[in-house]
Protein chains: 2
Amino acid sequence: MGRFAFIVAYDGTRYQGFQIQRQGPTIQGELEAALHRLTGEVPRVVGAGRTDTGVHALGQVAACDLITPWDPADLERAMNAVLPPDIAVRQVAMVQAGFHPRFSARSRTYRYRIWNAPARLPTERLYSLHVPRPLDVAAMNSASQVLVGEHDFATFGSPVGRSRSTVRVLYRAAWSQDGPRIWFDIEANAFLRRMVRGLVGTLLLVGRQQRSPDIVAELLATRDRSRSGPSAPGHGLCLMQVTYPADLWVNSYLFDKPGT
Amino acid sequence: MGRFAFIVAYDGTRYQGFQIQRQGPTIQGELEAALHRLTGEVPRVVGAGRTDTGVHALGQVAACDLITPWDPADLERAMNAVLPPDIAVRQVAMVQAGFHPRFSARSRTYRYRIWNAPARLPTERLYSLHVPRPLDVAAMNSASQVLVGEHDFATFGSPVGRSRSTVRVLYRAAWSQDGPRIWFDIEANAFLRRMVRGLVGTLLLVGRQQRSPDIVAELLATRDRSRSGPSAPGHGLCLMQVTYPADLWVNSYLFDKPGT
């Protein structure tokens, strides 16, 4: 019996998020079905983050216990042979029994992608939000800086699981631009539910010059969920990376470049 | 009455190529339907290149004559409002009556994309060929250089339309790499049918070290279509750009960066 950790990538377009729901396909459901098919066991797969409907991942982390002994590289190949084409396992590792994808995680990084040009781009439609009018990226960057550090983010998201705390530590929040492509990289110890999409929705008001950059600090201070701006759509969001303390798991997946 | 030129981008996944076929949806069919819906006319749309089933485009060029007077920017917005989400018009311009998307074109540029990593990447599956084993990009580049210049490409493709000539002038053929992403940019005055996919199929044999780089020159010299290597799948291919003599049309669409 051993605990296996997986780096999982998926196109979330046709899924009801990571976590199993009463209805509709989920990433967890597909991973459990694949492992059942390969081992005959009925494993319970746990993920680092419960991504919402339509949200993508390049570096989701999941884990489960298996009785069947597997070479990690063999298990990776076998899983990719049975998983649907919109889900893949990028890496499999054996980890110690104390490893938990969610509770052991030290930080999560999300990227929100925007296609900022008058015309839609069909090959981007599933992975980027289309914003036809020019965005003020400098203003969005300036507005994002007040988010870095330890704050109560209650305005922008709801607590997850049993904990009622809405305090999180944000390590990085930066907008980048390359022609019509604009993306927002945000890393924190953990995120509230809908927090990234809530922040992006408010920052887009700043980018469209409908609000001044000060709005972010003002909203943050209210700690009032009903004051949050519009939530940005899920399909622009991607879970890029989850990191762990070095003694638990140093995964060899490298954070992909902007083009990814 | 005026002639309109369009820069068209599409995700070719669910289309039977550009040109109208007896069965199945095509890009030409969707463009004509959109223009009919907007104008009530029954316009005939002509494209610069008849991309195959599943092939994508970022810079296809099409044209048609319309009796209805339209401001080009208005026509662009109106078309994008009625076209399906996997087709978009990036630019509309009025051009002189002598402009023909195919016959006036001076060069075409295609890009073939490869995802070169052991595991598939779901968000690349529609736009890149997955090659699990490492490719020798230097060998593929070296093998590609004999293609540049005027050659009879009969081994690698079939003539298009009435002309029987299989001679084409190749301006550029270069492989680039950024981590697991590998792409092949190829520009010529014109291409034979299936020529890019035929060349990529043979160059992949070189990249896998199943053939020496000399194979390309050897096959080219045979001018025998039956000697061509395997054809690379259509979904990795994208029509990036079509250029015209400056007095006919200088379009403002800029060739997108590698990430595109």
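Quick caveat, the model's predicted, so the values are computed rather than measured.

Once that is clear, we can look at the overall build of chain A. For chain A, the helix and strand inventory stands at five helices and 10 strands. Expected size for 260 residues packed as a compact globule is a radius of gyration near 18 Å; at 19 Å, chain A falls within 12% of this value. Counting the 260 residues in chain A, one finds 56% classified as buried. Taking contacts inside chain A between residues at least 6 apart in sequence as the whole, the part at least 24 apart equals 71%. Counting only carbon and sulfur atoms, one obtains 51% of the accessible surface of chain A, whose full area is about 11,000 Å².

Residues and elements named next belong to chain B. Counting across every chain of the model gives 21 salt bridges over all chains. Residue Arg-197 is joined to Asp-52 by a salt bridge in which the shortest nitrogen-to-oxygen separation is 3.1 Å. Placement of the pair is Arg-197 in helix α4 (residues 195-207) and Asp-52 in the loop between β2 (46-47) and β3 (56-66), with a sequence separation of 145 residues. A single salt-bridge network, built from bridges that share partners, covers Asp-52, Arg-193, Arg-194 and Arg-197.

Another aspect to go through is the side chain of A:Thr39. Residues and elements named next belong to chain A. Turning to its location among the elements, Thr-39 is positioned in helix α1 (residues 27-39). Within the structure, Thr-39 has its side chain in polar contact with the backbone oxygen of Leu-35 (distance 2.7 Å). Apart from residues lying up to four places away in sequence, Thr-39 is in contact with Leu-66, Thr-68 and Trp-70.

This paragraph deals with the environment of B:His151. Residues and elements named next belong to chain B. In this structure, His-151 sits in strand β7 (residues 149-152). On the accessibility criterion, His-151 (23% relative accessible area) is partly exposed. A sequence separation of 33 residues divides His-151 from Phe-184, and the C-alpha atoms of the two residues are 19 Å apart. With residues near it in sequence (within four places) discarded, His-151 still touches Val-146, Thr-166, Val-167, Arg-168 and Leu-220. Here the side chain of His-151 touches Val-146 through a polar contact of 3.0 Å, landing on its backbone oxygen.

Okay, the packing of helix α3 (residues 137-144) of chain B against α4(B) next. Residues and elements named next belong to chain B. Interaxial distance between α3 and α4 falls to 8 Å at its minimum, and their mutual angle equals 135°. In terms of orientation, α3 lies oblique with respect to α4. For the pair α3 and α4, the sense of crossing is right-handed. Residue-level contacts link Ala-139, Met-140, Ala-143 and Ser-144 of α3 to Leu-203, Leu-204, Val-206 and Gly-207 of α4. Taken together, the residues of the contact of α3 with α4 sort by class into six nonpolar, two polar and no charged.

This part covers the interface of chain B and chain A. Contacts between chain B and chain A engage 28 residues on the former and 28 residues on the latter. In terms of surface lost to chain A, no three residues of chain B exceed B:Arg120, B:Thr123 and B:Arg125, which account for 25% of the buried area on that side. Taken together, chain B and chain A are joined by two salt bridges. The salt bridge involving B:Asp11 is made with A:Arg125; its shortest N-O contact spans 3.0 Å. Across the contact surface, chain B and chain A share eight residue pairs in polar contact (both at pLDDT 80 or more). Contributions of two or more residues to the side of chain B that touches chain A are made by β1 (2-10), α2 (72-82) and β4 (87-95) of chain B. Broken down by element, the side of chain B that touches chain A gets its largest block of residues, four residues, from β4(B). Looking at the side of chain B that touches chain A, its residues break down into 15 nonpolar, four polar and nine charged.

So, about unusual backbone geometry. A positive phi angle is found at A:Gln209, which is not glycine, with a value near 60°. The topology assignment puts A:Gln209 in the loop between α4 (195-207) and α5 (214-222).

This next bit is on the packing of aromatic side chains. Aromatic rings considered in pairs are described by the distance between their centres and by the relative angle of their planes. Residues and elements named next belong to chain A. Overall, the coordinates contain six aromatic pairs over all chains when judged by the stated rule. Between Phe-99 and Tyr-244, the ring centres sit 4.7 Å apart and the planes meet at 55°, which makes this aromatic pair tilted. Of this pair, Phe-99 sits in the loop between β4 (87-95) and β5 (107-115) while Tyr-244 sits in the segment after β10 (237-243), and the two are 145 residues apart along the sequence. You can call Tyr-244 buried: its relative accessible area is 4%.

Okay, the confidence of the model for chain A next. Residue and element names in this part refer to chain A. Here chain A averages 93 in pLDDT, and 96% of its residues register 70 or above. Considering only residues more than four positions removed or in separate chains, one finds that residues 254-260, a stretch of pLDDT under 50, has 18 contacts. ipTM for the predicted complex: 0.89, alongside a pTM of 0.93.

As a further point, take the relation of the copies chain B and chain A. Under the fitted operation, chain B is carried onto chain A by 0.0 Å of movement along the axis and a turn of 180°, and the coordinates agree to an RMSD of 0.0 Å. Expressed as a symmetry operation, the mapping of one chain copy onto the other fits a two-fold axis.

What follows covers helix α5 (residues 215-222) of chain B. Residues and elements named next belong to chain B. What α5 keeps buried is the set Ile-215, Val-216, Leu-219 and Leu-220. Around the axis of α5, the buried residues are gathered within 130° of arc, so they sit on the same side. In this structure, the buried side of α5 is in contact with α3, β7 and α4. Arg-223 sits one or two residues past α5 and shows a positive phi near 50°.

In this section: α5(A). Residue and element names in this part refer to chain A. Among all positions in α5, only Ile-215, Val-216, Leu-219 and Leu-220 are buried. Along the axis of α5, the buried residues cluster in a sector spanning 130°; they form a single face. Where α5 terminates, the next one or two residues include Arg-223, which has phi positive at roughly 50°.

Calculation rules
Residues numbered from 1 in each chain as written. Chains lettered and ligands numbered in written order. Predicted model: local features only at pLDDT ≥ 70, side-chain atom pairs only at ≥ 80, totals over all residues. Heavy atoms only, no water. Helix = DSSP H or I, 4+ residues; strand = E, 2+ residues; numbered from the N terminus. Rg over C-alpha atoms; globule rule 2.2 N^0.38 Å. Buried < 20%, exposed > 50% of the residue type's maximum accessible area, 1.4 Å probe, protein only. Contact = heavy atoms within 4.5 Å. Areas by Shrake-Rupley, 256 points an atom, 1.4 Å probe, with all protein chains shown as cover. Salt bridge = Lys/Arg side-chain N within 4 Å of Asp/Glu carboxyl O. Polar contact = N/O pair within 3.5 Å; in protein donor to acceptor, adjacent residues only side chain to side chain. Axes fitted to C-alpha atoms, helices over the stretch in contact; angles between N-to-C directions. Parallel < 35°, antiparallel > 145°, perpendicular 65-115°, else oblique. Left-handed = near helix turned anticlockwise from the far one by under 90°. Nonpolar A, V, L, I, M, F, W, Y, C, P; charged D, E, K, R; others polar. Buried area = accessible area lost by both parts, 1.4 Å probe. Phe/Tyr/Trp six-rings, centres within 6.5 Å; stacked < 30°, edge-to-face > 60°. pLDDT = per-residue confidence, 0-100. Least-squares fit on C-alpha atoms with pLDDT ≥ 70 in both. Arc of directions from axis to C-beta.

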